[in-house]
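Structural description and commentary
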2 protein chains.
Amino acid sequence: MQTNRIYNFNAGPAALPESVLEEIRESFLNFDGSGMSITEISHRSKWFDDVINDAVARTKRLLKLDERFRVLFIQGGASMQFCMIPMNFLADGQSADYADTGTWSSKAIQEAQLQNKPVKVVASSKDKNYSYIPKEIEFSADARYVHLTSNNTIKGTQWAGFPDTGSVPLVLDMSSDIMSRPIDSDKIGLIYAGAQKNIGPAGVCMVIVRDDMLETIPDNIPSMLKYTTYTAKNSMYNTPPCFSIYTVQLVLKWLEETVGGLEKMEAINQKKSDLLYNFFDSSDFYQGTAELSSRSKMNVTFRLPDEELEKTFVALAMQEGLGGLKGHRSVGGCRASIYNATTITGVETLVDFMKSFESQNG
Amino acid sequence: MQTNRIYNFNAGPAALPESVLEEIRESFLNFDGSGMSITEISHRSKWFDDVINDAVARTKRLLKLDERFRVLFIQGGASMQFCMIPMNFLADGQSADYADTGTWSSKAIQEAQLQNKPVKVVASSKDKNYSYIPKEIEFSADARYVHLTSNNTIKGTQWAGFPDTGSVPLVLDMSSDIMSRPIDSDKIGLIYAGAQKNIGPAGVCMVIVRDDMLETIPDNIPSMLKYTTYTAKNSMYNTPPCFSIYTVQLVLKWLEETVGGLEKMEAINQKKSDLLYNFFDSSDFYQGTAELSSRSKMNVTFRLPDEELEKTFVALAMQEGLGGLKGHRSVGGCRASIYNATTITGVETLVDFMKSFESQNG
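The structure presented is a predicted model; accordingly, all values stated were derived computationally and were not measured. Along every chain, residues carry numbers that run from 1 in the direction the sequence is written. Starting at A for chains and at 1 for ligands, labels are handed out in the order in which the entities are written. The model is predicted, so local features are restricted to residues of pLDDT at least 70 and side-chain atom pairs to those at 80 or more, both for listing and for counting; the totals for chains, interfaces and linings are taken over all residues. The basis for the side-chain values is all heavy atoms of the structure; hydrogens and waters are excluded.

Examining the domain arrangement of chain A
All names here are of chain A. Inclusion rule: How far each domain reaches was decided by an automatic or database domain assignment. Note on contacts: a residue pair is in contact if any heavy atoms of the two residues lie within 4.5 Å. Accessible area that two parts lose when put together, evaluated with a 1.4 Å probe and summed over both, is termed the buried area. The term salt bridge refers to a side-chain nitrogen of Lys or Arg lying within 4 Å of a carboxyl oxygen of Asp or Glu. Within 3.5 Å is the distance limit for a polar contact, defined as a pair of N or O atoms, with the added protein rule that one can donate a hydrogen and the other accept it, and that residues adjacent in sequence qualify only through two side-chain atoms. Each helix is a run of DSSP H or I of at least 4 residues and each strand a run of E of at least 2, with the numbering of both proceeding from the N terminus. As a working rule, the residues Ala, Val, Leu, Ile, Met, Phe, Trp, Tyr, Cys and Pro are called nonpolar, Asp, Glu, Lys and Arg charged, and the rest polar, with Gly in that last group.
The domain architecture assigned to chain A consists of domain 1 (20-259) and domain 2 (262-361). On a C-alpha basis, the centres of domain 1 and domain 2 stand 27 Å from each other. Contacts between domain 1 and domain 2 engage 28 residues on the former and 26 residues on the latter. A buried area of about 2100 Å², summed over both sides, lies between domain 1 and domain 2, and 53% of it is on carbon and sulfur atoms. Note that K64 and E263 form a salt bridge whose closest N and O atoms lie 3.3 Å from each other. Linking domain 1 with domain 2 are 14 residue pairs in polar contact (both at pLDDT 80 or more), by the criterion used here. Listed by contribution, the elements that provide at least two residues to the side of domain 1 that touches domain 2 are α2 (46-63), β6 (151-152), β7 (157-158) and α6 (242-259). If one sorts the elements of the side of domain 1 that touches domain 2 by residue count, α6 sits on top with three residues. Residues of the side of domain 1 that touches domain 2, tallied by class, amount to eleven nonpolar, ten polar and seven charged.

Given below as C-alpha cells:
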C-alpha cells in the first residue's frame with residue numbers, strides 16, 4: 001500500500017484494488033494509444049466496444065454463466081432495479097414472492113407496491129431487527145419470481161446458500177456480494193448489483209438476465225426502463241456510463257488474472273471474515289450483531305459496550321489509517337466492510353487495532 | 001497540448017479541458033488528503049458533500065439562476081429525462097407542446113406518447129431533413145410546458161434564442177449546448193443536459209428545475225423517476241454517480257476560474273464556429289448542411305463532394321491527430337463538434353488541414 005493511502009472499510013462506494021487505480025491513472029490522458037482519456041472516447045468506437053465486450057466476457061467466465069444469460073450495464077443503481085423488475089416482469093395477474101431481510105429488501109418491496117404490483121412477503125426477519133436470514137420458507141408455486149437480497153449491507157447478514165424455489169426463478173440483489181464467491185446459476189432468472197461495493201465505482205449497475213425472462217416484457221414500458229432496450233443494443237441504446245464500465249472491466253480483469261477466479265476470491269474472503277469473527281468470539285468487548293449462521297462475509301457489523309466508546313473507536317481508528325468503520329446511520333454501531341478489494345493485511349491491521357483499543361478501554 | 005494527445009472533435013463523450021484531466025490524474029489515488037480515490041470515498045462523507053455542493057453553487061452562479069431553481073444530478077442521460085418529464089409533469093387532462101427539430105426531439109416525443117401522454121407537435125423541420133429551426137410557432141396557451149431541443153447534435157442546428165411561450169414554462173434539452181452561452185432563465189421551467197458533451201463525462205445528467213414545477217408531481221411515480229426524490233436528498237437518495245459529478249464540478253470550476261464565465265465562453269465558441277463557417281462560405285468543396293440562420297455553434301455538420309472523399313478526409317484527419325470528424329451514422333457526412341473544451345488552436349489546425357485537403361482533392 002502506498003504510504004499516503006488508508007485501509008478503507010467503507011460500505012460503498014468502497015475500496016478498489018490499488019493496481020486498478022494505478023492503471024486508470026497511468027492511462028488517464030491517453031487511453032490505449034487513442035490520444036484521448038477514457039472519459040473522452042466515443043462509446044461507438046472500437047476502443048469502447050473492446051472495453052464493454054471484455055467486461056461481459058469476463059463476467060460470464062467468472063460466474064460460469066451459460067449462453068442463456070445476458071450481461072447488461074444500467075444506470076440508476078440497485079434502486080432503479082427495484083422499480084424495473086416488477087415493471088418488466090409482473091404483467092396483469094402475476095405476482096412475486098419477496099423475502100424481507102433488511103432495508104434494501106424493504107425498499108424493493110415498496111417500489112413494487114408503489115406500482116400496484118401484487119407482491120407476497122413470504123419471509124421476514126424484521127421480528128429480530130433483521131439480525132438473521134429466514135429459513136424454511138414456503139414459496140408460492142405460481143410466483144413469477146422470488147426476490148432475495150443476497151447480502152444485507154446494513155444489517156451484516158448474508159444468505160449462505162439460496163433456498164429451493166422449485167421452478168420459480170430467483171431474482172437476486174447481489175449489490176454487496178457479487179463476485180465475492182461462485183454461484184450456482186441454475187435457478188437464477190436475474191441478478192443485479194450496483195457496482196460500487198465489489199466490482200467498481202458508483203454509477204453503473206450490472207444486470208445479468210436469463211433469456212427466457214425477456215419474453216413477456218410489455219411493450220408500453222418507457223425505453224430506458226425496459227430490459228430489452230439494453231439487450232438489443234449491448235447496453236448502448238444511449239450513451240452508457242463509460243468510465244464506470246471501464247473500471248468494472250479492470251476490476252474483473254484483476255479478479256481473473258491477479259486473484260485467479262471466484263473460488264480463490266471466496267477463500268480470501270473467508271479468511272478475512274474469519275479473522276474478524278473469530279476475534280469477536282474470543283472477546284467480551286466487541287459483539288457481532290448478526291446471528292452466527294447468518295453472518296455476512298462482506299459487512300461485519302458489531303457493537304462496543306456503549307455509544308461513546310464506539311465514537312472514540314471510529315475516530316481513533318481513522319487517525320490510525322483505518323477508515324469507514326462507522327455503522328450505517330440507520331442502525332448505529334460499527335461496521336467493517338471487507339469487500340473483495342480489502343486486503344488480508346488491512347483486516348489484520350484492523351484486528352490489531354481492535355485488540356489494542358480493547359486493552360486500553362476494556 | 002501534450003504531444004501524445006489528439007484534437008478531439010467527438011460529438012459525445014467529447015473533449016474535456018486538459019487541466020481538468022490532469023487534476024483528476026494527480027489526485028486519483030488520494031483525493032483531497034483522504035487517503036482514498038474519489039471512486040472510493042463515501043457519498044455520505046464531507047469530502048463528497050463539498051464536491052456536489054460546489055457543483056450546484058457553480059451552476060447557479062454560471063447560469064445566474066435565482067433561488068427558485070434546484071440543480072440535480074440524475075442517472076440515465078437525457079433519454080431518461082425523455083421519460084421522466086411527461087411522467088412527472090403531465091397529470092390527467094394535461095398536455096404539452098413539443099417542437100420536432102431532429103432525432104433527439106423525436107425520441108422525446110415518442111417517450112411521452114409511449115406513456116399515452118397527450119403531446120402536440122407544434123413545429124417540425126422534418127420537411128427539410130431537420131436542416132433548420134422553425135420560426136413563428138403557435139404555442140398552446142394551456143400547455144403544461146413547451147419542450148425544445150436547444151441544440152441538435154446530429155443535424156448541426158441550434159436555437160439562436162428561445163421563442164416567446166407566454167406563461168407556459170420552457171423545458172429545454174440542452175445536452176449539447178449547456179454552459180456554452182448565457183441563458184435567460186425567466187421562462188425556464190426545467191433544463192436537462194447529459195454531461196458528456198459540454199460539462200463532463202458520461203454517466204450523469206444535470207437537471208435544473210424551478211420550484212413551482214415540483215408542486216403537481218403525482219405520488220405514485222417510482223422513487224427513482226420522481227424529481228422530488230432528488231430535490232429532497234440533494235441528489236443523494238441513493239448512491240449518485242460520484243466520479244461523473246466530481247468531473248462536472250471540476251469542469252464548472254474551469255469555466256468559472258479559467259475561462260471566466262459564460263459570456264467569455266460564448267465569445268470563444270463564437271470565434272471557433274466563425275473560423276469553420278466562414279471557411280465553408282469561402283469554399284465550394286465543403287458545404288455546411290444547416291441553414292445559415294440555424295447553424296449550431298457546437299456541432300458543425302458538412303459534406304464533401306462525395307462519400308469516398310468524406311471517408312478519405314476522416315481517415316487522413318485522424319492520421320494528422322484530428323479525431324471524431326465522422327458524421328452521425330444516421331446521416332453520414334462529416335461533423336466537427338466544437339464544445340467548450342475544444343480549443344481555438346484545435347479548430348485552426350482543423351481549418352488548415354481542410355484547406356490542404358481541398359487543395360489536394362478539390
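Now that the structure has been shown, the text picks up again.
With respect to the sheet that holds strand β14 (residues 334-337) of chain B
Residue and element names in this part refer to chain B. Where we set the bar: Strand pairing is assigned whenever DSSP detects at least two bridges linking the two strands.
With antiparallel pairing, the three strands of this open sheet are ordered in space as β11-β12-β14. Of all the strands in the sheet, just β11 (287-288) and β14 have a single pairing partner and so form its edges. Where β11 lies against strand β12 (residues 299-303), two bridges are found, and the strand directions are antiparallel. Bridging across to β12, G288 finds its partner in F302.

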